[in-house]
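Now for the letters of each chain:
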Amino acid sequence: MSSTVTQSQRLTGRAWAVLFVLCGAIFLEGIDVSMMGVALPSIRADLGLSTGELQWIVSAYALSYGGFVLLGGRAADLLGRRRMFVGWLVVFLLFSGLGGFATEGWVLILARFVTGVAAAFLTPAGLSIITTTYPEGPQRTKALLVYAGTAAGGFSLGMVTGGLLTAIDWRWVFFAPVLVSAVILAGALALIPRDTAAPTPRQGFDIPGALTLTGAMLLLVATVVRAPDVAAGQTAVTAAAGILLLLVFWSIERRTSAPLVRLGLLRNAALVRANTGAILLVGSFVGFQFVAVLYLQELRGWSELETGLALMVIGIDAILAPTLTPWLVNRFGNARVVFGGFLLAAIAYAAYLPLGADWTYLAMLPAFLLLGLAFALTYGPLTIAATERVAEDEQGLASGVLTTSFQFGSALGLAAVAAVLSGAGELTIDGFRTGLVVPLAAAVLGVLVAFPVRERLGAKG
């Protein structure tokens, strides 16, 4: 797909319409993830699931998403971005509906696994449509910041939406995405330009590389997701198997004439820094959200809806990302904005650290507001940095790498906090404070990673 939207500084009406469709898909993906956490208790009560089975409703999605997303990114480059976006949106729609009709736990888990696979192909295709359709510069920056703000807003608002839908029936957590997907699909078919004919690589698709990389990602994500619940020996074996497959993949890519991943891309220092920042940003946020939800619901006795409404203020990033962040990036540069965002995140987690058993909402509000602002300043600029100055035929791959970082960071942050809370024994104030050290430490590491150096985050290393 060529950069044909317009070369002017402003987005045209059609360009905004295309962006609206793509933002709808990433909003759907973000809201789908966070809605599920609110619905789990109702699902357990209705289907009679054990704790282990319940955990797999979340883990199956994370495993398939994290395992297939790099393959999805490369498939978008090789097989067509519009084709991948539309085709896998249909799969997402169908299996979300299957989850809503499920009467057995295994059907629900299967539906979540396939939905994760669909998201793994859908998300990098959508992001790479933006980076190849909008010309590099003010247009692409604006589009990416709106897109990233929508993704973050969907994730933040999903808990409120999940609480409202679960109050009706937990099955609407699955049926609502079906309705939204249908609207997005109609818009995609009408508005997204068709893929331009691209020659198929003469050497064909790198099947051995795809299989080994996907297997490695599945094992590594499984290691993180399952770490709090299995023996240390099993965790070590799974991690070692994943690393071994990565080494096999590296060996294949060095020798093949049509690699799935050009290894030189990973020598881009700015790209590596941006993806490291993405892992730390999302990992710290998901870990903090986990602690905050348990604190409010398990210790304070707040309802699911009250908890969702309390955290909704973090969704201020959906307003600030497309408005304040572009101005700051133009004024101070991408690297300084990311650095400032991580500083605010660290301050937000530190402000929540001394929480008490009887804290009022006003006492929590400053941390939530700071975190929403921090997310607005970091999520979009990191997305720009991870895809800027990457060749057009590798935009899907770069988008897949970034999505992998977000997913791996989410799994890592959740697993680390869960392990700390499990070690603390009971869900007490002291245990929650100990758990909050994890997101705070991750944010501090993010400050160090994002510290402006000679090259800016978006520059090619």
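Our subject is the structure that appears above.
Owing to the predicted nature of the structure, the values given are computational and were not obtained by experimental measurement. Throughout, residues of each chain are indexed from 1 in the direction in which the sequence is written. The predicted origin of the model limits local features to residues at a pLDDT of at least 70 and limits the giving and counting of side-chain atom pairs to 80 or more, whereas totals for whole chains, interfaces and linings rest on all residues. Hydrogens and water molecules were not included; the side-chain quantities draw on all heavy atoms of the structure.

A few words on the overall build of the protein. Starting at the N terminus, helices and strands are each numbered in turn, a helix being any DSSP run of H or I of at least four residues and a strand any DSSP run of E of at least two. For the protein, the count of helices and strands is 16 helices and 0 strands. Relative to its length of 461 residues, the protein is compact, with a C-alpha radius of gyration of 21 Å against a globular reference of 23 Å. Over its C-alpha atoms, taken along the principal directions, the protein stretches across nearly 60 × 50 × 45 Å. Looking at the 461 residues of the protein, the share that counts as buried comes to 57%. Of all intrachain contacts in the protein linking residues separated by at least 6 positions in sequence, the fraction that spans at least 24 positions is 84%. Calculation of accessible area relied on Shrake-Rupley with a 1.4 Å probe; when residues are assessed, cover is drawn exclusively from the protein chains displayed. Accessible surface, the protein as shown: approximately 18400 Å² in total, 68% of it carbon and sulfur. To get the radius of gyration, use the C-alpha atoms; to get the globule rule, take the number of residues to the power 0.38 and multiply by 2.2 Å. Burial classification: accessible surface area is computed with a 1.4 Å probe over protein chains only, and a residue below 20% of its type maximum counts as buried, one above 50% as exposed, and the rest as partly exposed. Contact definition: two residues touch when any of their heavy atoms are within 4.5 Å.

Nonpolar side chains collect at one region of the surface, where Leu164, Leu305, Leu309 and Met312 lie side by side and expose about 330 Å² of accessible area between them. When its relative accessible area of 36% is taken as the criterion, methionine 312 is described as partly exposed. Like charges are joined within 9 Å and nonpolar side chains (Val, Leu, Ile, Met, Phe, Trp, Tyr) within 5 Å, but only among residues with over 30% relative accessible area and no salt bridge; these make up the patches. Put simply, a salt bridge is a Lys or Arg side-chain nitrogen that is within 4 Å of an Asp or Glu carboxyl oxygen.

A separate point is the pattern of salt bridges. For the structure on display, the rule yields 5 salt bridges. For the salt bridge of arginine 74 with aspartate 77, the shortest nitrogen-to-oxygen distance reads 3.1 Å. Residue arginine 74 and its partner aspartate 77 are both found in helix H2 (residues 51–79); the two are separated by 3 residues, about one turn of the helix. Pair check on accessibility: arginine 74 and aspartate 77 agree, each one buried. Two residues, arginine 81 and aspartate 77, come together in a salt bridge whose shortest N-O distance is 2.7 Å. Here arginine 81 and aspartate 77 have matching classes, each one buried.

We now examine helix H10 (residues 304–311). By the burial criterion, the buried members of H10 are Thr307, Gly308, Ala310 and Leu311. Here the buried residues of H10 occupy an arc of 160° about the axis, which is enough to place them on one side. Relevant arc is that of directions from the helix axis to the C-beta atoms, nothing else.

Before going further, it helps to examine the environment of glycine 187. Within the fold, glycine 187 resides in helix H6 (residues 172–191). Classification of glycine 187 by relative accessible area gives buried; the value is 16%. Residues within four places of glycine 187 in sequence aside, it is in contact with Val21 and Ile192.

Looking now at the packing of aromatic side chains. Aromatic pairs are defined between Phe, Tyr and Trp rings, using the six-membered ring for Trp, whenever the two ring centres lie within 6.5 Å; interplanar angles under 30 degrees are classed as stacked, those over 60 as edge-to-face, and all others as tilted. With the rule as written, the count across this model stands at 18 aromatic pairs. Summarising the aromatic geometry, the rings of tyrosine 361 and phenylalanine 368 are spaced 6.2 Å apart at their centres and angled 45° between planes, so their arrangement reads as tilted. Residue classification places phenylalanine 368 among the buried residues on the basis of a relative accessible area of 0%. Three or more aromatic residues joined by ring pairs make a cluster, and in this case those are Phe288, Tyr295, Tyr349, Tyr352, Trp359, Tyr361, Phe368 and Phe432.

This part takes up the side chain of threonine 132. Summarising the element assignment, threonine 132 is placed in helix H4 (residues 105–133). Polar contacts, as counted here, are pairs of nitrogen or oxygen atoms within 3.5 Å of one another; within protein the pair requires one atom able to donate a hydrogen and one able to accept it, and residues that are adjacent in sequence qualify only if both atoms are side-chain atoms. Looking at threonine 132, its side chain comes within polar contact range of the main-chain oxygen of serine 128, at 2.7 Å. A distance of 3.5 Å separates a polar atom in the side chain of threonine 132 from the backbone oxygen of isoleucine 129.

Moving on to the nonpolar core. Only buried residues count toward a nonpolar core. Its members are Ala, Val, Leu, Ile, Met, Phe, Trp, Tyr and Cys residues joined through side-chain atoms within 4.5 Å. Counting 116 residues, the largest nonpolar core has Phe85, Tyr295 and Tyr352 as the members making the most contacts within it. No other element matches helix H9 (residues 269–299), which puts 15 residues into this core.

Between N-to-C directions, angles span 0 to 180 degrees; the directions come from axes that are lines fitted to C-alpha atoms, helices contributing only their stretch in contact. Axis separation between H9 and helix H16 (residues 429–450) bottoms out at 9 Å; the angle between their running directions is 165°. When the interaxial angle is binned, H9 and H16 end up roughly antiparallel. Handedness of the H9/H16 crossing: left-handed. Along its contact with H9, which presents Arg273, Thr276, Gly277, Leu280, Ser284, Phe288, Val291, Leu294, Tyr295 and Leu299, the element H16 presents Ile429, Phe432, Gly435, Leu436, Pro439, Ala442, Ala443, Leu445, Gly446, Val449 and Ala450. Within the contact of H9 with H16, the residues separate by chemical class into 15 nonpolar, 5 polar and 1 charged. Note that the term roughly parallel is reserved for angles under 35 degrees, roughly antiparallel for angles over 145, roughly perpendicular for angles of 65 to 115, and oblique for everything else. Helix crossings fall into two classes, left-handed where the near helix is turned counterclockwise from the far one by less than a right angle and right-handed where it is turned clockwise. Gly is placed with the polar residues, together with every amino acid not listed as nonpolar (Ala, Val, Leu, Ile, Met, Phe, Trp, Tyr, Cys and Pro) or charged (Asp, Glu, Lys and Arg).

The next subject is helix H7 (residues 207–226). An expected span of 1.5 Å times one less than the residue number is assigned to each helix. The first and last C-alpha atoms of H7 sit 28 Å apart over 20 residues, in line with the 28 Å expected at 1.5 Å per residue. Counted residue by residue, H7 has 14 buried out of 20 residues, so it is predominantly covered.

It is worth spelling out the packing of helix H1 (residues 13–47) against H4 at this point. Between H1 and H4, whose axes approach to 9 Å, the crossing angle comes to 160°. In terms of orientation, H1 and H4 fall into the roughly antiparallel class. When the axes of H1 and H4 are compared, the crossing they make is left-handed. Between H1 and H4, the contacting residues are Leu19, Leu22, Ile26, Glu29, Asp32, Met36, Ile43 and Leu47 on the first element and Leu108, Arg112, Ala119, Thr123, Gly126, Ile129 and Ile130 on the second.

As a further point, take the environment of phenylalanine 20. Mapped onto the elements, phenylalanine 20 comes out in helix H1. A C-alpha to C-alpha distance of 9.3 Å links phenylalanine 20 and valine 146, two positions 126 residues apart in sequence.

Here arginine 140 shows up in helix H5 (residues 138–168). The class for arginine 140 is buried, based on a relative accessible area of 10%. Excluding residues that lie within four positions of it along the chain, arginine 140 makes contacts with Thr131, Tyr134, Pro135 and Gln395.

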